[in-house]
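In case you want the letters, here they are:
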Amino acid sequence: MTDQLSTREGVRDLHTFIAGLPKAELHVHHVGSASPRIVSTLAARHPDSQVPTDPEALADYFTFTDFAHFIQVYLSVVDLIRTPEDVRLLTYEVARDMARQQVRYAELTITPWSSTRRGIDERAFMDAIEDARKAAEAEFGVVLRWCFDIPGEAGLEAAEETLRLATDDRLRPEGLVSFGLGGPEIGVPRPQFKPYFDQAIAAGLRSVPHAGETTGPETVWDALNELRAERIGHGTSSAQDPKLLAHLAEHRIALEVCPTSNIATRAVRTFDEHPIKEFTRAGVLVTINSDDPPMFGTDLNNEYAVAARLLDLDELGLAALAKNAVQASFLDPAGKTRLTEEIDTYASAWLTP
Ligand SMILES: Nc1ncnc2c1ncn2[C@@H]1O[C@H](CCC(=O)c2cccc(C(=O)O)c2)[C@@H](O)[C@H]1O
Ligand SMILES: [Zn+2]
């Protein structure tokens, strides 16, 4: 641990630095970002729901025994989103929470199939997220982009439908940049989704599947070779395969690392066993993300603090991590330059006595 982190003053300083650091987030789920404040509002609209609204009860409810339990609880929150106005409220309020953390740009993973299959009109769904995106940019200064993901466990019908929602010219939202794959990995082999990723890529979307979160490095290879992944969601088990690490580093395939999520879902036992250090040592482009922050009792700022501890980083190291996310993002080149400069300006002002 650095001297700076080992003193109380140093920790506070580093936390203050992180809180003001302009950031980009690449791996964060729409429903998984519903804070207790948002959950309470939605639950008040739909009082028959099982989800507790009291923050203490909610913290208990969001304690998971394993990944399957996490998905079960996650789906109970999905059940709270029943109308286009719920979709708009969730999206807009998530952006408000991001702005409070100085997040300037976020690629938010949305599972549209979960909402349309529950009866929300697809056109109204797209209008709701787009309306929230525009309002969030104008009012909070947060630029949002969408990743539509296939809920893998729901099978090929869900894949087909997600592809249609993502590529039909009459539906495809302006903010959509990428195509993903989420949910459990065990028993859900990645290669079966190849035709859907091929078509999404042909339609101009970028490939960003989850892989290696709950299964081994072969799933990450499948994501690369079959789904032509440009970034990997989690990729935690890549650390078990030195050839894979070298491949990721050489091809600048970024990992979307979500440390607290990995502990909360029991994908990794303890923070000290988290492979993030192996990734950076191998020269892999590491980005820091929060995944489903309120469900895991975290936020993006806390994930940067965790990374600082695990990687022994000072302010410049943290600024470099923030710039990794900009580099690995699907922002246009001018947007990347602007945000990178904003991070550099912030760090130099902080470090200038
Ligand atoms: N850490 C994570 N790692 C992986 N995924 C994560 C993570 N966090 C959140 N997700 C989300 O969970 C969804 C899964 C939902 C799902 O499989 C499913 C199955 C059957 C029915 C339904 C339904 O809606 O009725 C949904 C994924 O699409 C993804 O966006
Ligand atoms: Zn995720």
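Remember, predicted model here, so these are calculated numbers, not experimental data.

1. Digging into the coordination of the zinc ion (ligand 2)
Right, on to step 1. Taken together, His 27 (NE2), His 29 (NE2), His 210 (NE2) and Asp 291 (OD) make up the full set of protein donors to the zinc ion (ligand 2), lying 2.0 to 2.2 Å away.
Right, on to step 2. Taken together, the four donor atoms coordinating the zinc ion (ligand 2) span angles of 85 to 174° at the metal, a pattern that classifies the geometry as irregular.
Right, on to step 3. Motif for the zinc ion (ligand 2), donor spacing along one chain: H-x1-H-x180-H-x80-D. Here Asp 291 lies in the loop between strand E9 (286-288) and helix H15 (300-311) and His 210 lies in strand E6 (residues 210-211), a separation of 81 residues in the sequence.
Right, on to step 4. For Asp 291, a relative accessible area of 2% puts it in the buried group.

2. Focus on the packing of aromatic side chains
Remark: the centre distance and the inter-plane angle together describe each pair of aromatic rings, the angle taken between the planes.
Right, on to step 1. Counting across every chain of the model gives 12 aromatic pairs.
Right, on to step 2. Their ring planes at 85° and their centres at 6.0 Å tell us that Phe 64 and Phe 296 sit as a pair that is edge-to-face. Here Phe 64, found in the loop between helix H4 (55-61) and helix H5 (67-78), pairs with Phe 296, found in the loop between E9 and H15; they are 232 residues apart in sequence, far enough to count as distant.
Right, on to step 3. Residue Phe 296 is classed as buried on the basis of its relative accessible area of 7%.
Right, on to step 4. Residues Phe 70 and Phe 296 carry aromatic rings whose centres are separated by 5.2 Å and whose planes lie at 40° to one another, so their mutual orientation is tilted. Residue Phe 70 is found in helix H5, and its partner Phe 296 is found in the loop between E9 and H15; the two are separated by 226 residues along the sequence. Considered together, Phe 70 and Phe 296 belong to a single accessibility category, that of buried residues.
Right, on to step 5. Clustering of aromatic rings is evident, with ring pairs tying together Tyr 61, Phe 62, Phe 64, Phe 67, Phe 70, Tyr 74 and Phe 296.
Right, on to step 6. The ring of Tyr 92 carries Arg 88 above its face, with NZ or CZ at 5.0 Å from the centroid.
Right, on to step 7. Positioned above the aromatic ring of Phe 330, the side-chain terminus of Arg 231 is 4.4 Å from the ring centre.

3. Quick word on the pattern of salt bridges
Right, on to step 1. Tallied over the full model, the rule gives 24 salt bridges.
Right, on to step 2. The salt bridge involving Lys 194 is made with Asp 198; its shortest N-O contact spans 3.3 Å. Note that Lys 194 and Asp 198 are positioned in helix H10 (residues 194-202) at a spacing of four residues, about one turn of the helix.
Right, on to step 3. Residue class for Asp 198 comes out partly exposed when judged on its relative accessible area of 23%.
Right, on to step 4. The partner of Arg 206 in a salt bridge is Glu 230, and the shortest N-O contact between them spans 2.9 Å. Here Arg 206, found in strand E5 (residues 206-207), pairs with Glu 230, found in the loop between helix H11 (217-225) and strand E7 (231-234); they are 24 residues apart in sequence, far enough to count as distant.
Right, on to step 5. Taken together, the shared-partner salt bridges in this structure form one network comprising Arg 37, Glu 93, Arg 96, Asp 97 and Arg 100.

4. Observations concerning the UniProt feature "domain: Adenosine deaminase" (unreviewed entry) in the protein
Right, on to step 1. According to UniProt, the positions carrying the feature "domain: Adenosine deaminase" (unreviewed entry) are residues 22-345.
Right, on to step 2. Between the end C-alpha atoms of residues 22-345 the distance is 10 Å, and the span holds 49% helix and 14% strand.

5. Points about the side chain of Thr 298
Right, on to step 1. Mapped onto the fold, Thr 298 is located in the loop between E9 and H15.
Right, on to step 2. The class for Thr 298 is buried, based on a relative accessible area of 10%.
Right, on to step 3. Here the side chain of Thr 298 touches Asn 302 through a polar contact of 2.9 Å, side chain to side chain.
Right, on to step 4. The residues contacting Thr 298, other than those within four sequence positions of it, are Thr 260, Ser 290, Pro 293 and Glu 303.

6. Description of the sheet that holds strand E8 (residues 254-257)
Right, on to step 1. An order of E6-E7-E8-E9 is seen for the four strands of this open sheet, with the pairing classed as parallel. Each edge of the open sheet carries a strand with a single partner, namely E6 and E9.
Right, on to step 2. Bridge count for E6 against E7 is two bridges, and the pairing is parallel. Bridging across to E7, Ala 211 finds its partner in His 234.
Right, on to step 3. Packed onto the sheet, helix H16 (residues 315-328) meets E7, E8 and E9 and runs at close to 105° relative to E9.

7. Focus on the sheet that holds strand E2 (residues 103-110)
Right, on to step 1. A sheet is described by the order of its strands in space; here five strands give the open sequence E1-E2-E3-E4-E5, paired in parallel fashion. Only two strands of the sheet have a single neighbouring strand rather than two, namely strand E1 (23-29) and E5.
Right, on to step 2. Both E2 and strand E3 (residues 143-151) contribute to a ladder of six bridges, which runs parallel. Bridge pairing links Leu 108 to Trp 146 in E3.
Right, on to step 3. Contacting E1 and E2, H15 crosses the sheet at an angle of about 105° to E1.

Conventions and cut-offs
- Residues numbered from 1 in each chain as written.
- Chains lettered and ligands numbered in written order.
- Predicted model: local features only at pLDDT ≥ 70, side-chain atom pairs only at ≥ 80, totals over all residues.
- Heavy atoms only, no water.
- Donors = N, O, S within 2.8 Å, 3.2 Å for Na, K, Ca; no water.
- Tetrahedral: all angles 85-135°; square planar, octahedral: opposite > 155°, others 65-115°.
- Helix = DSSP H or I, 4+ residues; strand = E, 2+ residues; numbered from the N terminus.
- Buried < 20%, exposed > 50% of the residue type's maximum accessible area, 1.4 Å probe, protein only.
- Phe/Tyr/Trp six-rings, centres within 6.5 Å; stacked < 30°, edge-to-face > 60°.
- Lys NZ or Arg CZ within 6 Å of the ring centre and 35° of its normal.
- Salt bridge = Lys/Arg side-chain N within 4 Å of Asp/Glu carboxyl O.
- UniProt positions renumbered as here; feature names shortened; annotations may be inferred.
- Polar contact = N/O pair within 3.5 Å; in protein donor to acceptor, adjacent residues only side chain to side chain.
- Contact = heavy atoms within 4.5 Å.
- Pairing = 2+ DSSP bridges.
- Axes fitted to C-alpha atoms, helices over the stretch in contact; angles between N-to-C directions.

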